[in-house]
Amino acid sequence: MRDVERFPVEGPNSLWQVYSTVSRIKAIWNFIWIQLARYCPFLSWKNWIYRNLLRMKVGKHTAFALMVMVDVFFPERISVGDNTIIGYNTTILTHEYLIKEYRLGYVRIGSNVMIGANTTILPGVTIGDHAVIAAGSVVHKDVPAGAFVGGNPIRTIERNNKQQG
């Protein structure tokens, strides 16, 4: 089960009420910096934007590939450990706006993690150290340290109990 906070709404679906949960200024600010980071060819500059302008926790030598899309409304709920690779065009969400409620959750990605291209990570998920996520996966639940998972939804492909250095 994902670790999310649930907030019921009345009236139209929760996406119509998005700006009662996050300010328009914050959404615009985040959108501009996220778009610049998505296309930035310098990893150190990307990490600086994520850490200093979007308030994400990003470890040393972490690499966000081209076109990674982090949550536009709540990027500060994302933390990534050291020496992790987030693959091309991956999406990391910390919110879900549904019909009768919206949900918020933290996304915690450990150190030495490899996330393949075109992966979607849903709110409230923790990915343990040394995990590997296959390309094109939907991460809808926690991934233990050292696991190799993939698919939509994810399933365990292999479990490596030895922590690699």
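Reading the values: rules and limits
- Residues numbered from 1 in each chain as written.
- Predicted model: local features only at pLDDT ≥ 70, side-chain atom pairs only at ≥ 80, totals over all residues.
- Heavy atoms only, no water.
- Pairing = 2+ DSSP bridges.
- Helix = DSSP H or I, 4+ residues; strand = E, 2+ residues; numbered from the N terminus.
- Axes fitted to C-alpha atoms, helices over the stretch in contact; angles between N-to-C directions.
- Core = buried A, V, L, I, M, F, W, Y, C linked by side-chain atoms within 4.5 Å.
- Buried < 20%, exposed > 50% of the residue type's maximum accessible area, 1.4 Å probe, protein only.

Asks: Help me understand the sheet that holds strand 1 (residues 4-8), please; the structure alone is not making it clear to me.
Replies: By definition, the strands of a sheet pair up through backbone hydrogen bonds, in either a parallel or an antiparallel sense. Reading across the sheet, the three strands line up as 1-9-8 and stay open at both edges, with antiparallel pairing between neighbours. The sheet is open, and its two borders are formed by strand 1 and strand 8 (95-97), each paired with just one other strand. Between one strand axis and the next, the sheet turns through 15° on average, direction left out of account. Summarising the sheet, strand 8 and strand 9 (residues 101-105) pair through three bridges and their orientation is antiparallel. Among the inter-strand pairings, His95 is bridged to a residue of strand 9, identified as Leu104.

Asks: Looking at this structure, I do not really get the nonpolar core. What am I missing?
Replies: Looking at soluble globular proteins, one finds that nonpolar side chains tend to be buried together. Among the nonpolar cores identified, the biggest contains 40 residues, and Phe64, Val70, Ile109, Ile121, Ile127 and Val143 are the most heavily contacted of them. Listing elements by their share of this core, those giving two or more residues are helix 1 (24-39), helix 2 (43-53), strand 4 (69-70), strand 5 (78-80), strand 9, strand 10 (107-109) and strand 16 (147-150).

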